[in-house]
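Given next are the chains, with one letter for each unit.
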Amino acid sequence: MSKITPVLMAGGSGTRLWPVSRRSFPKQFAQLIGDQTLFQASARRLSGADFAAPVVMTNADFRFIVAEQLDQIGIPPAAIVIEPLGRNTAPAILAAALMAAAEDPERLLLVAPSDHVIPDAAAFARAVEAGTGPARQGRIVTFGITPTRPETGYGYLELAGEGEGPQPLARFVEKPDTEAAAQMLAQGNFLWNAGIFLFSARTMIEAFRAHAPDYLEPVQTAIDGAHTDLGFLRLARAPWEGLADQSIDYAVMEKAGNLAVVRFSDHWSDLGGWDAVWREELSGGGHADGVVADDRSTAIGCENVLLRSDSEDLQVVGIGLKDMMVVATSDAVLVAGMDKAQEVRQAVTALKKKGRKQAESFPRDHRPWGWFETLALADRFQVKRIVVKPGAALSLQSHVHRSEHWIVVSGTARVTVDDAVTLVTENQSIYVPLGAVHRMENPGKVPMVLIEVQTGSYLGEDDIIRYEDVYARDRSG
């Protein structure tokens, strides 16, 4: 019997975990809990004897992050599929089903978000096994979490049957208010909607044909027009642009009559807010008075608080706080009541209106060749720290408005400036005049670190004329 193919959804932005999660580097790729990222933990959970290599649905901005994080844990993907535009989960899931059906229409796919916490992988595997029978019989199986509190941040599934095995679904319930959530918790036949689905490729395609047929032709056309780009599969943009922006729940699940629900009663969290991170840390024990504080934070006389700093140079100190969360990065600090966790996304909206880069971007910018961060920025100059991975190279490029001075701090750089190629080692520097065609490479076995000083009338990242790029990018980076 064929293995189940995991389909990891890895394109979301996670604004409720701002300022650690932002559009440029969202929560699934951050190390929020434990010693690996949520994406890596999800990939590990959906690996092993019963699972085939995963398919990852993501976007162009995250493709190298996905590849690097999978490589770090030794899980080669079957495909990393790049969606041309964000159109929610419906077209992405249909694309995965259509691609699988081209090889085997009966192949089972397990669609899962890549930002959930499920510590007991064996228990989850047993739940998946319980759903394989109905899935092979033409059911769409969804997984519901036994609720532990009257949560208003999740949607719910109402069961139509009773017992321990897969049950028919009566209906989906939108995120309730506190009173309705308490009633559903007491009633006992409502589960949290985890957004995890198991089905055969054929079953999902038939569901779209019955309930959302307008997706079929353009998604298939996007697949037919896809091309391979450095090992990634880029879906064609033109047919994707006209697709409706809908979740799989709205497009198909709420209309389908062949759904079955598998109850999962072990620990689960979608880390949908900082209150969820706080509860997750508390579940590990050892936190007196409900205080969760990392090594860069200090709590004095506090109760039920989360104190977190993601910057080595920034210490967070809370005195006499109660039911509060304080989360700091190098460029932003969030201070909010614990009961306002679901409203953190309002901070992103407010900062966008003010034109603040902290709404979506970090000081540290991840690129396929490594990363850089701005150390100082003022009128007509900018200072950056740049780290280039072994064997990596920036694009061959020039600038219209700025010149650059590079000082190597560690490692060795191979620098091209017009027709000259120079090896620059520690404590050496090189000047790149305005307009010069240049490239920086790391020919060594260790990361190369340098300081870049830019001077000029315009210092934006879009001041790049790119001539050659091993990463086939069409934008700055």
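These numbers were taken from a predicted model, which means no experiment stands behind them.

Notes on a nonpolar patch on the surface
Here's step 1: Together, Ile300, Val317 and Ile319 make up an exposed nonpolar region whose accessible area comes to about 300 Å².
Here's step 2: Here Val317 lies in strand 15 (residues 316-319).

Comments concerning the pairing of strand 8 (residues 190-200)
Here's step 1: Burial runs high along strand 8: ten of the eleven residues are buried.
Here's step 2: Pairing geometry for strand 4 (residues 108-113) and strand 8, over four bridges, is antiparallel. Across the sheet, residue Val111 finds its bridge partner in strand 8, namely Phe197.
Here's step 3: Pairing geometry for strand 5 (residues 140-145) and strand 8, over four bridges, is antiparallel. Note on strand 8: the bridge partner recorded for Gly144 is Asn193.

Notes on the environment of Pro134
Here's step 1: With respect to the helices and strands, Pro134 occurs in helix 4 (residues 121-136).
Here's step 2: By relative accessible area, which is 15% here, Pro134 ends up buried.
Here's step 3: In this structure, the C-alpha to C-alpha distance between Pro134 and Thr146, residues twelve residues apart in sequence, is 20 Å.
Here's step 4: When sequence neighbours within four positions are dropped, the list of residues in contact with Pro134 reads Arg139, Val141 and Pro166.

Things to note about the sheet that holds strand 17 (residues 333-337)
Hydrogen bonds between backbone atoms are what pair the strands of a sheet, whose relative direction is either parallel or antiparallel.
Here's step 1: Spatially, four strands are ordered 12-14-16-17 in an open sheet, and the strand pairing comes out mixed. Each edge of the open sheet carries a strand with a single partner, namely strand 12 (291-293) and strand 17. Taken over all neighbouring pairs, the strand axes of this sheet differ in orientation by 10° on average, direction set aside.
Here's step 2: When strand 16 (residues 322-328) meets strand 17, the two strands line up antiparallel, connected through five bridges. Paired with Val326 across the two strands is Val335, which belongs to strand 17.
Here's step 3: Sitting on the sheet, helix 10 (residues 274-282) is in contact with strand 12, strand 14 (303-309), strand 16 and strand 17, with an inclination near 105° to strand 14.

Here we look at the UniProt feature "domain: MannoseP isomerase/GMP-like beta-helix" (unreviewed entry) in the protein
Here's step 1: Using the residue numbers shown here, the UniProt feature "domain: MannoseP isomerase/GMP-like beta-helix" (unreviewed entry) corresponds to residues 303-351.
Here's step 2: Annotated as 14% helix and 47% strand, the span residues 303-351 places its first and last C-alpha atoms 29 Å apart.

Thoughts on the domain arrangement of the protein
Here's step 1: Along its sequence, the protein is organised into domain 1 (5-264), domain 2 (274-341) and domain 3 (364-468).
Here's step 2: Between the C-alpha centres of domain 1 and domain 3 there is a distance of 39 Å.

Topic: the sheet that holds strand 27 (residues 448-456)
Here's step 1: The strand order across the open sheet formed by six strands is 18-19-20-27-22-25, and the pairing between neighbours is antiparallel. Where the open sheet ends on each side, the last strands, each with one partner, are strand 18 (364-367) and strand 25 (429-432). Taken pair by pair, the neighbouring strands of this sheet meet at an average axis angle of 20°, ignoring direction.
Here's step 2: Taken together, the eight bridges between strand 22 (residues 402-410) and strand 27 define a ladder with antiparallel strand orientation. Counterpart to His405 in the pairing with strand 27 is Val453.

As for the packing of aromatic side chains
Here's step 1: Under the defined criterion, the tally for this structure stands at twelve aromatic pairs.
Here's step 2: Seen in terms of ring centroids, Phe124 and Phe264 are 5.8 Å apart; in terms of plane orientation they differ by 80°. Their pairing is edge-to-face. Linking Phe124 in helix 4 with Phe264 in strand 11 (residues 259-264), this pair joins segments that are 140 residues apart in sequence.
Here's step 3: A relative accessible area of 3% places Phe264 in the buried class.
Here's step 4: It is Arg364 that lies over the ring of Trp371; its NZ or CZ is 3.5 Å from the centre.

Brief notes about helix 7 (residues 216-224)
Here's step 1: What helix 7 keeps buried is the set Leu216, Pro218, Val219, Ala222 and Ile223.
Here's step 2: Buried residues along helix 7 sit in contact with helix 3 (89-101), helix 6 (201-211) and helix 8 (237-241).

Details of the side chain of Ser200
Here's step 1: Tracing the sequence through the fold places Ser200 in strand 8.
Here's step 2: Residue contacts for Ser200: discarding those within four places in its chain leaves Pro105, Glu106, Arg107, Leu108 and Ala135.

Quick notes on the rules
Residues numbered from 1 in each chain as written. Predicted model: local features only at pLDDT ≥ 70, side-chain atom pairs only at ≥ 80, totals over all residues. Heavy atoms only, no water. Patch = residues over 30% accessible without salt bridge, like charges linked within 9 Å, V, L, I, M, F, W, Y side chains within 5 Å. Areas by Shrake-Rupley, 256 points an atom, 1.4 Å probe, with all protein chains shown as cover. Salt bridge = Lys/Arg side-chain N within 4 Å of Asp/Glu carboxyl O. Helix = DSSP H or I, 4+ residues; strand = E, 2+ residues; numbered from the N terminus. Buried < 20%, exposed > 50% of the residue type's maximum accessible area, 1.4 Å probe, protein only. Pairing = 2+ DSSP bridges. Contact = heavy atoms within 4.5 Å. Axes fitted to C-alpha atoms, helices over the stretch in contact; angles between N-to-C directions. UniProt positions renumbered as here; feature names shortened; annotations may be inferred. Domains from an automatic or database assignment. Phe/Tyr/Trp six-rings, centres within 6.5 Å; stacked < 30°, edge-to-face > 60°. Lys NZ or Arg CZ within 6 Å of the ring centre and 35° of its normal.

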